[in-house]
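# Fold and geometry: a report
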Amino acid sequence: MRKRPGKSSLVSEPSSSKEDDGFKVVGEEVKTENFQMKNMKRSGFVWMILFGLIIYSSWAIYDYQFGNLPAPLSAKQAGKRGFSELEAMKHVRELTKLGPHPVGSDALDQALQYVLAAAQEIKKTAHWEVDVQVDFFQAKTGANRLVSGLFRGKTLVYSDISHIILRILPKYVSEAGENAILVSSHIDSVFSTEGAGDCSSCVAVMLELARGISQWAHGFKNGIIFLFNTGEEEGLNGAHSFITQHPWSSTICLAIDLEAMGIGGKSGIFQAGPHPWAIENFASVAKYPSGQIIAQDLFSSGAIKSATDFQIYKEVAGLSGLDFAYTDNTAVYHTKNDKLELLKPGSLQHLGENMLAFLLKIASSSDLPEGKAVEKEEKSRHSNAIFFDILGTYMIVYNQNFANMLHSSVIMQSLLIWTTSLFMGGIPAAVSLALSCLSIIFVWIFSIGFSVVIAFILPLISSSPVPYVGSPWLVIGLFVAPAVLGALTGQHFGYIILKSYLSNVYSKKKQLSPVIQADLVKLEAERWLFKAGFIQWLVLLILGTYYNIGSSYMALVWLVPPAFAYGLFEATLTPTRFPKPLKLATLLLGLAMPILISAGIFIQLASTTIGSAVRLDRNPGSTPEWLGNVILAILIAAIACLTLVYLLSYFHLSGAKVSIITTMCVLLGLSLALVSSGVIPPFTEHTARAVNVVHVVDVTGKFDGNQVPSSFVSLFSTTPGKLTKEAEQIKEGFTCGRERVIDFVTFSVKYGCITYDDAETGWSKADIPTVHVVSDTMVDGRVTQVSIDTRSSTRWSLAINTEEIRDFTFQGDVDEIVSLGGKGSVDGWHIIQFSGGKKSPTNFNLTLLWVRDQQSHNNVGQREEQHRPLLKLRTDFDRLTPKTERVLMKLPSWCSQFGKSTSPHTLAFLTSLPVDIYDGKR
């Protein structure tokens with residue numbers, strides 16, 4: 001029997017000539033049949049090809065997963081029971097012809113009439129055993145107060161808004177009317193866009209779905225309600241009014257919301273649950289499933305500053321369901337470029353076919369989820385669904401409880417393996433592991449550091465701090481290249497430190513020649529760096545499992561396959577027990593599954609972040625110009641550090657160092673040169689900078705009865721960067737800077753451009769709102785009655801100082817709209833946002849209950865509150881004055897008005913009431 005080498009020695013005892021287990025030891029020189037040192041260094045060309053292959057594969061996966069759309073079908077191809085994109089596009093075309101159609105506009109009335117006529121036509125052509133009911137519903141005045149999300153600390157009041165509701169039932173199944181599935185979207189758009197994507201495309205899909213389903217519904221067990229609401233863009237008011245006022249709302253068991261955060265592409269699920277029933281059924285029948293739990297995690301965390309009607313259905317109605325959204329080209333969101341020409345062919349077909357298959361299945365089901373989802377959410381949080389699609393072809397769904405068991409099993413096995421390995425390896429193994437983990441830290445520090453430096457440089461060399469918005473491919477050179485360079489640099493430092501330690505360990509083995517020892521140290525360091533990737537993803541898996549983060553499945557995918565490949569190809573000990581170069585098969589097998597599952601998601605996430613830079617600054621001028629770049633730089637660097645951790649370990653023994661570093665430097669230098677030279681414009685006709693032009697009439701702080709307003713036109717942007725270039729092109733007397741902060745109640749403009757030239761025409765003093773103190777009493781505490789007249793404005797915002805006011809009631813002409821209790825605040829203000837149709841009231845009464853019983857005017861001079869009014873009011877008019885009309889006509893083509901629920905329209909009046917109301921009454 002041949003004796004195996006001892007654990008503490010790498011080779012047998014030295015002798016002049018001794019053979020053992022395939023070794024030949026002659027003096028201090030080691031020769032072996034199984035280990036050829038001369039073949040240790042791998043080809044740099046192979047490494048470069050491998051790096052390029054991974055990049056190409058990642059892009060191909062992204063293109064297939066998010067860009068591969070089905071062919072649009074005609075009415076003939078789809079048949080009476082199918083879905084035809086060409087028919088749905090007719091609806092989009094008609095709705096976008098109307099131009100912008102916000103709440104209260106004539107265009108919205110026309111859009112409602114168009115949808116109503118289309119619904120009536122569906123009723124006429126439905127299957128004879130199907131009952132189609134169409135309701136033109138006009139909501140009463142109501143108030144919507146949400147406890148979380150974008151509208152926390154606000155009361156959203158609405159009046160005179162209308163919806164089209166279409167209910168499809170089988171005629172001879174009486175119980176179907178008591179169990180309904182809601183499919184919802186909104187007809188209204190913001191004032192700045194015709195809304196082809198957001199959300200005429202959704203309305204068109206619903207109309208075509210309703211037409212097809214009206215031919216199927218005679219076999220249903222449940223009804224389907226299609227809600228075409230208005231008021232979504234002003235604070236989810238349409239969904240709230242339906243849920244709280246319409247009698248059909250009590251029959252709904254499941255809610256499906258269709259939305260758009262861009263225009264076209266694949267409409268994917270970005271919110272599901274709380275009950276997993278809907279996503280499980282969708283995954284089982286969808287022809288082109290698309291949806292990612294990572295989007296839900298980001299949305300629920302507040303990283304995405306937006307809200308959809310799904311929040312109403314979940315929070316107010318307690319329903320489970322699905323929330324879909326188009327996310328392609330997010331830079332056009334709420335701008336003029338949300339237009340028909342940019343809607344990709346196949347987008348509506350993709351959503352329509354998925355929804356048709358899904359609705360046919362669940363409408364025929366006898367086990368719709370019951371009960372209030374919100375009430376059961378805490379109890380069922382471990383059954384919430386984890387979901388993600390693979391290449392838009394398959395969807396994986398499992399519940400959180402199973403995920404926790406699976407993740408815990410992998411975590412325990414990993415910890416056991418590492419503990420055993422470290423116990424057997426002793427102190428050298430533990431120190432080597434620690435140093436390899438240190439290299440991971442260096443990778444993150446240098447990768448983020450290099451990228452962030454470029455983020456700070458861009459505003460200094462470019463006409464725009466975000467020069468890549470119009471040409472997103474620039475990000476590869478501007479941020480990907482420095483991120484990769486930083487990662488390589490960081491790991492190289494870690495590699496040197498690890499190599500130094502291993503050299504000390506190997507130096508104690510006198511049998512090895514210095515040359516062989518140096519080569520063995522390199523191989524040992526390479527293997528430790530590769531294994532450090534397991535630790536990185538294991539830590540993320542532990543954290544994700546502990547906090548029940550759904551997208552922690554990513555960590556599982558990036559941990560298990562590489563570890564399996566390493567165990568299959570590398571971990572089996574050879575008789576020599578010498579380290580060998582890592583095999584190429586280890587990398588290819590280990591990375592195939594992680595790249596397949598996550599490459600498309602990471603690229604889509606970066607793409608969405610780039611588009612969001614257009615509307616980054618919610619209070620113009622309040623954030624540094626470099627902030628958007630830093631966010632994007634950190635995101636890309638994080639993706640690089642996470643995904644390249646295994647590949648980087650192969651870098652040190654290859655001849656590709658000079659080539660890859662040169663390539664990255666050339667990419668970075670070329671991109672910086674293109675940006676600084678202005679050859680590639682930051683914005684284009686189709687990817688515009690978000691700006692707003694508002695004629696402001698300001699009477700803030702004037703209560704002498706002879707209110708002399710200050711009238712000017714304000715130009716500001718939610719896109720980072722100065723406005724000097726735009727102001728120079730407009731040439732209407734604008735001066736830009738931070739000299740004057742404009743408080744628009746819902747936000748502040750801390751940097752913008754103002755002109756007073758020709759600002760006295762186009763508005764009337766009769767339009768100036770009034771805030772009048774009716775009474776101020778001290779009975780059971782201080783109570784103040786205030787009357788508000790918004791004149792003819794039916795869209796306005798009122799801020800109430802919660803440092804002075806502990807509660808309030810709000811009344812319309814007759815009825816109380818907002819009662820006492822349940823008020824929240826943000827930054828010391830509670831905001832009431834009102835929007836409604838032409839018949840909305842304009843006179844209101846406000847009853848204020850003060851925090852202090854004593855009259856606050858006694859010590860006003862001693863408090864900071866003297867600078868904070870008691871009430872702030874902004875009223876909006878969708879009206880062009882001669883001045884704003886000229887400015888808009890001269891606005892550069894790369895600029896677009898940007899609309900959101902907090903944005904003023906093109907004419908706004910500002911007024912306020914001081915804390916010391918007595919001074920105001922003098």
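Before reading on, note that the structure itself is shown above.
Sequence order sets the numbering: in each chain, residues are counted from 1 along the sequence as written. Reporting of local features is limited, given that this is a predicted model, to residues whose pLDDT is at least 70; pairs of side-chain atoms are given and counted only at 80 or more, and all residues count toward the totals for whole chains, interfaces and linings. To get the side-chain values, all heavy atoms of the structure are used, and hydrogens and water are removed first.

The nonpolar side chains of soluble globular proteins are, as a tendency, buried together. Put simply, buried Ala, Val, Leu, Ile, Met, Phe, Trp, Tyr and Cys residues joined by side-chain atoms within 4.5 Å make one nonpolar core. Burial classes follow relative accessibility: with a 1.4 Å probe on protein chains only, a residue under 20% of its type's maximum area counts as buried, one over 50% as exposed, and anything between as partly exposed. Ranked by size, the top nonpolar core spans 215 residues in total, and within it F226, L359, Y468 and F479 carry the most contacts. Once residues lying within four places of it in the same chain are set aside, the contact partners of F479 are S451, I454, A455, L458, Y468, N629, L632, A633 and I636. By size, the runner-up hydrophobic cluster in this structure holds 25 residues, among which are V771, I800, F810 and L873. Pairs of residues are marked as contacts when any of their non-hydrogen atoms sit within 4.5 Å.

Numbering of helices and strands runs from the N terminus, with a helix taken as a DSSP run of H or I at least four residues long and a strand as a DSSP run of E at least two residues long. The buried fraction of strand β13 (residues 385-390) is high, at six of six residues. Alternating positions in β13 separate into two faces, A385, F387 and D389 on one and I386, F388 and I390 on the other, with burial throughout. In this antiparallel pair of consecutive strands, β13 and strand β14 (residues 394-399), the connection spans three residues, and L391 shows a positive phi of 60 degrees. Two strands are said to pair when DSSP picks up at least two bridges between them.

Attention shifts here to the sheet that holds strand β4 (residues 130-138). Pairing is mixed in the open sheet, where seven strands are placed in the order β4-β7-β9-β8-β10-β12-β11. In the strand order of this sheet, the two ends are held by β4 and β11 (267-273), each with one partner. Taken over all neighbouring pairs, the strand axes of this sheet differ in orientation by 20 degrees on average, direction set aside. As defined by bridge partners, strand β8 (residues 180-186) adjoins strand β9 (residues 223-229) across seven bridges and the pair is classed as parallel. Within β9, the position partnered with H186 by the bridge is N229. Strands β4, β7 (162-170), β8, β9 and β10 (252-260) of the sheet are contacted by helix α6 (residues 237-245), whose axis makes an angle of about 135 degrees with β9. Simply put, an axis is a line fit to the C-alpha atoms, just over the touching stretch for a helix, and the angle between two N-to-C directions goes from 0 to 180 degrees.

All right, on to the state of the cysteines then. Whenever a pair of cysteine sulfur atoms sits within 2.5 Å, that pair is classed as a disulfide. For the structure on display, the rule yields two disulfides. In this model, C199 is linked to C202 through a disulfide, with the two sulfur atoms separated by 2.0 Å. An S-S torsion of about -45 degrees defines the bridge between C199 and C202 as left-handed. Separated by three residues within a single helix, C199 and C202 lie in helix α5 (residues 196-213), roughly one turn from each other. Of the two residues examined, C199 and C202, each falls in the buried class. Residue C736 pairs covalently with C753 via a disulfide, S to S 1.9 Å.

Pairing in this open sheet of five strands is antiparallel, and the strands run β21-β22-β27-β24-β25 from one edge to the other. Single-partner strands in this sheet number two, and they are β21 (770-778) and β25 (816-818). With strand direction ignored, the average angle separating the axes of adjacent strands in the sheet is 25 degrees.

Where helix α3 (residues 85-97) contacts α5, the axes come no closer than 8 Å and their chain directions differ by 135 degrees. The orientation of α3 with respect to α5, classified from their angle, is oblique. Here α3 runs over α5; the crossing is right-handed. Where α3 approaches α5, its residues E87, A88, H91, V92, L95 and T96 are matched on the opposing element by A196, S200, S201, V203, A204, L207 and E208. Should an angle fall under 35 degrees it is called roughly parallel, over 145 degrees roughly antiparallel, and 65 to 115 degrees roughly perpendicular, with every other angle called oblique. Two helices crossing with the near one rotated counterclockwise from the far one by less than a right angle form a left-handed crossing, whereas a clockwise rotation gives a right-handed crossing.

Right, let's get into empty space enclosed by the protein. Grid points spaced at 1 Å over the protein atoms alone were grouped into cavities, where a 1.4 Å probe fits but cannot get out, and pockets, open sets with protein on both sides within 12 Å along at least five of seven lines, with lining residues defined by an atom within 4 Å of a point. Grid points are joined across faces, edges and corners, and a volume is the space filled by probe spheres set on the points. Summed over all chains, the structure comprises four cavities of 30 Å³ or more. Residue lining of the largest cavity: 13 residues in total, with D617, G621, P720, G721 and Y751 positioned closest to the centre. Any residue outside Ala, Val, Leu, Ile, Met, Phe, Trp, Tyr, Cys, Pro, Asp, Glu, Lys and Arg is labelled polar, Gly included; the first ten of those are nonpolar and the last four are charged. Here the lining of the largest cavity is built from residues that sort into four nonpolar, five polar and four charged. Its volume calculated, the second largest cavity comes out at about 60 Å³. Taken together, L156, V157, E234, N237, R795, W796, S797, Q833, F834, S835 and S901 make up the lining of the second largest cavity. Elements that contribute at least two residues to the lining of the second largest cavity include exactly β6 (154-159), β23 (795-801) and β26 (829-836). Residues belonging to the lining of the second largest cavity are distributed by class as follows: four nonpolar, five polar and two charged.

Right, let's talk about the pairing of strand β20 (residues 752-755) for a bit. The alternating pattern of β20 places G752 and I754 on one face and C753 and T755 on the opposite face, and all of these are buried. Bridge analysis of strand β16 (residues 710-717) against β20 gives three bridges, and the strand direction is antiparallel. Each bridged residue has a counterpart across the sheet, and for L715 the counterpart in β20 is C753. Two elements, strand β17 (residues 735-737) and β20, share three bridges in a ladder whose sense is antiparallel. From the neighbouring strand, C736 faces β20, where its bridge partner is C753.

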